[in-house]
Structures are given as structure tokens and as C-alpha cells.
Amino acid sequence: MSDKILVAYASRFGATAGVAEAIGKNLAEHGAQVDVLPIKAVKDISPYRAVVVGSAINAGAWLPEALQFVQEHQADLRRKPFAAFLVCMTLTMKNGEQYRSHVSTWLEPVRALVRPVSEGLFAGALDIGKIPSFSDRLKFRISVLSGVWKEGDHRDWNAIHAWAESLYPLLISVS
Ligand SMILES: Cc1cc2nc3c(=O)[nH]c(=O)nc-3n(C[C@H](O)[C@H](O)[C@H](O)COP(=O)(O)O)c2cc1C
């Protein structure tokens, strides 16, 4: 078995890609060989000893290609250490931490396929100008105006690094 770790992600506007890169960098600092790739670029997971999959949340769910990836590779993923993370705006809300257990339920469809050895729940970023759909832009503008959350980059790099640190021993443990 190789020592390579895959960090695969689904991202629409780059925030989740950045989280995946940070996790990959942290794992590489421990000496692991790491590939950080968008999910659509991954064809074969057999070269990897462990897999981390992360997605942005849209409408209370992982992006479809991320769940589809876990579905397609579920048999293989059950035989390797597998970790999952999500990136969302709910955790950026004032008192967002009180929604952590609700946010965690968004990983239920993933758990139903393959149980992760660890789960990361992270605050993301919002740039309304980047959202292509007019109605989504409108909804987000209203949510910002009504004080639900603020635009900008809310990623908590300390929390992301702490999770990646805790992940390394779980991913390299003999399976
Ligand atoms: C169309 C759309 C729907 C979203 N739905 C949710 C949601 O239901 N809950 C939430 O907490 N964040 C939601 N978000 C916020 C994103 O999860 C957040 O902006 C994330 O950082 C985006 O990551 P990305 O840049 O990798 O695409 C939504 C964003 C968009 C554009």
C-alpha cells in the first residue's frame, strides 16, 4: 500500500478548494505524499491509502458531485481511512456554533454510504457578486441586509489546521 493521501473537493467559488489545499499542505508537512484535486479530476482512488473528501454546502447539502463520488467509490472507501468535511455559511452566523449539531446532519447522506473516521465542519466565504443565479444573489443580498451573516471570507485557518493535525494519525493508521 502506498503512503499517498488524496484530498478531493467540490467547490463552486473557491473557498472549499482553499480549505482542501490547507488540509493537504498540513498532511504533507507530516511527510505524507498528498494529492489535492477537484473531485471531477479523480478517476481512480486505488493508489491512495487514505481519502479525504470535502464539499461546499448548497441548500443544506454537499454538492452533487461530492456525494456521487462517495457513492461511486463506496466499496473502496470502506476499506481505507476516509474523512469528510464541509464548508458553509451557517457556521459564520452570530452564535453560529449553536447550529453545529444541525450542520453536522448535512453529512448524514455521506455517513449512510461510508462512515468517516473524522468529520470537519468549517465556516466558508461569501462573495455575492460571484453567484451566477439572479434569484440566489437576491436571496443572499436579503440575508446579508437582514443581518443573517456577512459577506467576506470567514474561514478559520486555526480550526482547519487543528482538524488536519488530528486527522494525520487516523489516516496513516494501519487499516
Ligand atoms: C446557491 C448557494 C446555496 C447555499 N446554501 C447554503 C446553505 O444551505 N447553508 C449554508 O450554510 N451555506 C450555504 N451556502 C454558502 C456556501 O456553502 C459558502 O459560501 C461556501 O463557502 C461556498 O464554498 P465554495 O466557494 O467552495 O463554493 C450557499 C451558497 C450558494 C452560492
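Every chain begins its residue count from 1, and numbering advances along the sequence as written. It should be noted that, the model being predicted, local features are given only for residues of pLDDT at least 70 and side-chain atom pairs only at 80 or more, the latter also being counted only at that level, while totals for whole chains, interfaces and linings use all residues. Hydrogens are left out, water is left out, and the side-chain values use all remaining heavy atoms of the structure.

1. Quick look at the overall build of the protein chain
Stated precisely, the cut-off is as follows: Numbering of helices and strands runs from the N terminus, with a helix taken as a DSSP run of H or I at least four residues long and a strand as a DSSP run of E at least two residues long. Between the two quantities, the radius of gyration covers C-alpha atoms and the globule rule is 2.2 Å times the number of residues to the power 0.38. The criterion used for residue contact is that any of the two residues' heavy atoms lie within 4.5 Å. Every accessible area reported is derived by Shrake-Rupley at a probe size of 1.4 Å, with residue values counting cover from the shown protein chains alone. Charged residues are defined narrowly, with Lys and Arg counted positive, Asp and Glu counted negative, and His plus the chain ends left uncounted. For the purpose of locating charges, the reference atoms are NZ of Lys, CZ of Arg, CG of Asp and CD of Glu.
Counting secondary structure elements, the protein chain contains 7 helices and 8 strands. Whereas a compact globule of 175 residues would reach a radius of gyration of roughly 16 Å, the protein chain reaches 16 Å, a difference of no more than 12%. Residue pairs in contact within the protein chain that sit at least 24 positions apart in sequence constitute 76% of those at least 6 positions apart. Accessible surface, the protein chain as shown: approximately 8,900 Å² in total, 54% of it carbon and sulfur. Considering the protein chain, the positive charge centre built from 19 side chains and the negative charge centre built from 17 side chains are found 4 Å apart.

2. Describing the pattern of salt bridges
Under the convention used in this document: Basic side-chain nitrogens of Lys or Arg form a salt bridge, by our definition, when they fall within 4 Å of a carboxyl oxygen of Asp or Glu.
Summed over all chains, the structure comprises 10 salt bridges. The partner of Glu119 in a salt bridge is Arg111, with the nearest N and O atoms 2.7 Å apart. One salt-bridge network, in which partners are shared between bridges, spans Glu108, Arg111 and Glu119.

3. Looking at the packing of aromatic side chains
Put simply, the test is: Pairing of aromatic rings covers Phe, Tyr and Trp, the last through its six-membered ring, and needs centres within 6.5 Å; plane angles under 30 degrees mean stacked, over 60 mean edge-to-face, and all others mean tilted.
On inspection of all chains with the given rule, the structure shows 4 aromatic pairs. Every member of this aromatic cluster is reached through a ring pair, and the members are Phe85, Phe122 and Trp163.

4. Some thoughts on the site of the ligand
Rules: Nearness here has a simple test: a residue counts as near a molecule or strand if at least one of its heavy atoms is within 4 Å of that partner. Under the rule applied, a polar contact is a pair of N or O atoms within 3.5 Å (in protein, one hydrogen donor and one hydrogen acceptor; residues adjacent in sequence only if both atoms are side-chain atoms).
Taken together, 21 residues form the shell around the ligand, and within it Ser11, Thr16, Ile57, Thr90 and Ala125 come nearest. Between the ligand and the protein, one listed contact pairs an oxygen atom with a backbone N or O atom of Gly60 at 2.8 Å. At a separation of 2.6 Å, an oxygen atom of the ligand approaches a polar backbone atom of Ala125. Within the complex, the protein chains bury 90% of what would otherwise be the 640 Å² of accessible surface of the ligand. Mapped by element, the contributors of at least two residues to the shell around the ligand are helix H1 (15-29), strand S3 (50-58), strand S5 (82-88) and helix H6 (134-145).

5. Thoughts on the environment of Thr90
Following the sequence through the fold, Thr90 ends up in the loop between S5 and helix H4 (100-104). Taking the C-alpha atoms as reference, Thr90 lies 11 Å from Ser104; in sequence the two are 14 residues apart.

6. Some remarks on the nonpolar core
We apply this condition: Only buried residues count toward a nonpolar core, which is a set of Ala, Val, Leu, Ile, Met, Phe, Trp, Tyr and Cys residues joined through side-chain atoms within 4.5 Å. Each residue's exposure class comes from its accessible area (1.4 Å probe, protein chains only) as a fraction of the maximum for that residue type: buried when under 20%, exposed when over 50%, partly exposed otherwise.
Of all hydrophobic cores here, the largest spans 30 residues; its most connected members are Trp62, Phe69, Val70 and Leu86. For this core, the elements supplying multiple residues, two or more each, are strand S1 (4-10), S3, helix H2 (64-72), S5, helix H5 (108-113) and strand S6 (118-123). When residues no more than four places from it in sequence are discounted, the contact partners of Trp62 are Val53, Gly54, Ser55, Ala56, Ile57, Leu67, Val70, Ala84, Phe85, Leu86, Leu107 and Val110. Judged by nonpolar contacts, the second largest core, of 23 residues, contains Tyr9, Ala22, Ile160 and Tyr168.

7. Structural notes on the pairing of S1
Definition in use: Note on pairing: two strands pair once DSSP finds at least 2 bridges between them. By convention a crossover is right-handed if, when the strands point away from the viewer, the path from the first strand over the helix to the second runs clockwise.
Taken across its 7 residues, S1 has 6 buried, putting it largely inside the fold. Sheet analysis places S1 next to strand S2 (residues 33-38), joined by 6 bridges and oriented parallel. Paired with Ile5 across the bridge in S2 is Val34. Each parallel crossover has a hand, and the one from S1 via H1 to S2 is right-handed. Direction of pairing for S1 relative to S3: parallel, over a ladder of 6 bridges. Looking across to S3, one finds that Ala10 is bridged to Ser55.

Any functional reading would require information beyond the geometric quantities listed.
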